[in-house]
Amino acid sequence: MRIQFEIKENLPEITAGLLHSEKWLTLIKEERDDYKKLTIKDPYFDSAASVEIFKDEIRIQTAWSNYSYRIYKLGDAVWCEYVGAYRGLLEQNLLPVLTPKKSILGSTVLNSSLLGNEPHTLQQYSKENMKLKTFRRDNFEKETELTSPKDHPKVVYDEFIKMDMPLPPLENKKNK
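Residues numbered from 1 in each chain as written. Predicted model: local features only at pLDDT ≥ 70, side-chain atom pairs only at ≥ 80, totals over all residues. Heavy atoms only, no water.

Before going further, it helps to examine the environment of Leu110. With respect to the helices and strands, Leu110 occurs in strand E8 (residues 108-111). As for Leu110 and His120, which are separated by 10 residues in sequence, their C-alpha atoms are 6.7 Å apart. Not counting chain neighbours up to four residues away, the residues in contact with Leu110 comprise Arg2, Gln4, Gly116, Asn117, Glu118 and Pro119. (Helix = DSSP H or I, 4+ residues; strand = E, 2+ residues; numbered from the N terminus. Contact = heavy atoms within 4.5 Å.)

Quick look at the structure:
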């Protein structure tokens, strides 16, 4: 799946988080003007990610799954483009903070193995994924027939995505 969404953080904040985090070890492999190449490693688990930091873009690629994140400026906004499995987007721990500016469910999935190349929302993708899983569970007896290369791993967080839940009101900044 390939998805893009605007994020709240800016590139200097993300860069600082990558270079100076208590969650991982940072190993700088190359450094030049407007470019850094580094590896971040989890000190407790055998996981890592490769990172390239440019002037107006950051690229992160996870070592195990090869999921990729491209964080870039577009006008005055900062966007994230993720290429990988649905589950990977929701459970990556070896990453800087990336907060979607709007509901992630409304973000555009540009293409996926499940729904093809037509743009659709993450909410639509999630619903179709659950339909496919339910169909397989209801119609196949053997466990090997329940899965498909297009399926996500068994632990998927579809059931934790709450539809039509009201969000808490934003704090009024004028009153502070």
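This next bit is on the sheet that holds strand E3 (residues 35-41). In a beta sheet, neighbouring strands are held together by backbone hydrogen bonds and run either parallel or antiparallel to one another. One open sheet holds the 9 strands; their spatial order is E2-E3-E4-E5-E6-E7-E1-E8-E9, and the pairing between them is antiparallel. Of all the strands in the sheet, just strand E2 (25-32) and strand E9 (120-121) have a single pairing partner and so form its edges. Sheet topology note: the E8/E9 ladder contains 2 bridges and is antiparallel. Opposite Val109, over in E9, you have His120 as the bridge partner. Where helix H1 (residues 11-19) meets the sheet, it contacts strand E1 (2-7), E2, E3, strand E4 (48-54), strand E5 (57-62), strand E6 (68-74) and strand E7 (77-83), and its direction lies at approximately 40° from that of E5. (Pairing = 2+ DSSP bridges. Axes fitted to C-alpha atoms, helices over the stretch in contact; angles between N-to-C directions.)

This brings us to the pattern of salt bridges. For side chains of opposite charge, pairing can occur when their charged atoms come near one another. Within the structure shown, the criterion is met by 7 salt bridges. Between Glu30 and Arg32 there is a salt bridge, with its nearest N and O atoms 3.0 Å apart. Arg32 gets classed as exposed once you look at its relative accessible area, which sits at 51%. Across the salt bridge formed by Glu57 and Arg59, the nearest N and O atoms sit 2.6 Å from each other. With relative accessibility at 38%, the residue Arg59 sits in the partly exposed group. Each of Arg2, Glu57, Arg59, Arg70 and Glu81 takes part in a single network of salt bridges with overlapping partners. (Salt bridge = Lys/Arg side-chain N within 4 Å of Asp/Glu carboxyl O. Buried < 20%, exposed > 50% of the residue type's maximum accessible area, 1.4 Å probe, protein only.)

With 78% of its residues at a pLDDT of 70 or more, the chain shows a mean pLDDT of 80. Per-residue pLDDT stays below 50 along residues 152-163; that stretch engages in 28 contacts with residues further than four places along the chain or on separate chains. (pLDDT = per-residue confidence, 0-100.)

Before going further, it helps to spend a moment on the packing of aromatic side chains. This structure, assessed with the given rule, holds 3 aromatic pairs. With 6.0 Å between their ring centres and 70° between their planes, Tyr67 and Tyr82 make a pair best called edge-to-face. Remark: Tyr82 occurs in strand E7 and Tyr67 occurs in the loop between E5 and E6; sequence separation between them is 15 residues. Taken individually, Tyr67 and Tyr82 each receive the classification buried, so the pair is uniform in this respect. Centroid distance Tyr69 to Tyr82: 4.8 Å. Interplanar angle 50°. Geometry classified as tilted. (Phe/Tyr/Trp six-rings, centres within 6.5 Å; stacked < 30°, edge-to-face > 60°.)

Among soluble globular proteins, nonpolar side chains are generally buried collectively. The biggest cluster of nonpolar side chains holds 31 residues, and the ones touching the most others in it are Met1, Leu18, Ile58, Ile60 and Ile71. The biggest single contributor to this core is H1, with 4 residues. (Core = buried A, V, L, I, M, F, W, Y, C linked by side-chain atoms within 4.5 Å.)

Another point: the pairing of E5. The sheet contact formed by E4 and E5 spans 5 bridges and is antiparallel. Bridge pairing in E5 places Glu52 opposite Arg59. Counted along the chain from E4 to the antiparallel partner E5, the turn is 2 residues long. Sheet analysis places E5 next to E6, joined by 5 bridges and oriented antiparallel. Each residue of the ladder has a partner; that of Glu57, found in E6, is Tyr72. Here E5 folds back onto E6 in antiparallel fashion, the turn holding 5 residues, of which Asn66 has a positive phi close to 60°.

Next up on the list: the environment of Ala63. Mapped onto the secondary structure, Ala63 falls in the loop between E5 and E6. Along the backbone, Ala63 and Asp46 are 17 residues apart, and their C-alpha atoms lie at a distance of 9.7 Å. Setting aside its immediate chain neighbours within four residues, Ala63 contacts Ala48 and Ala49.

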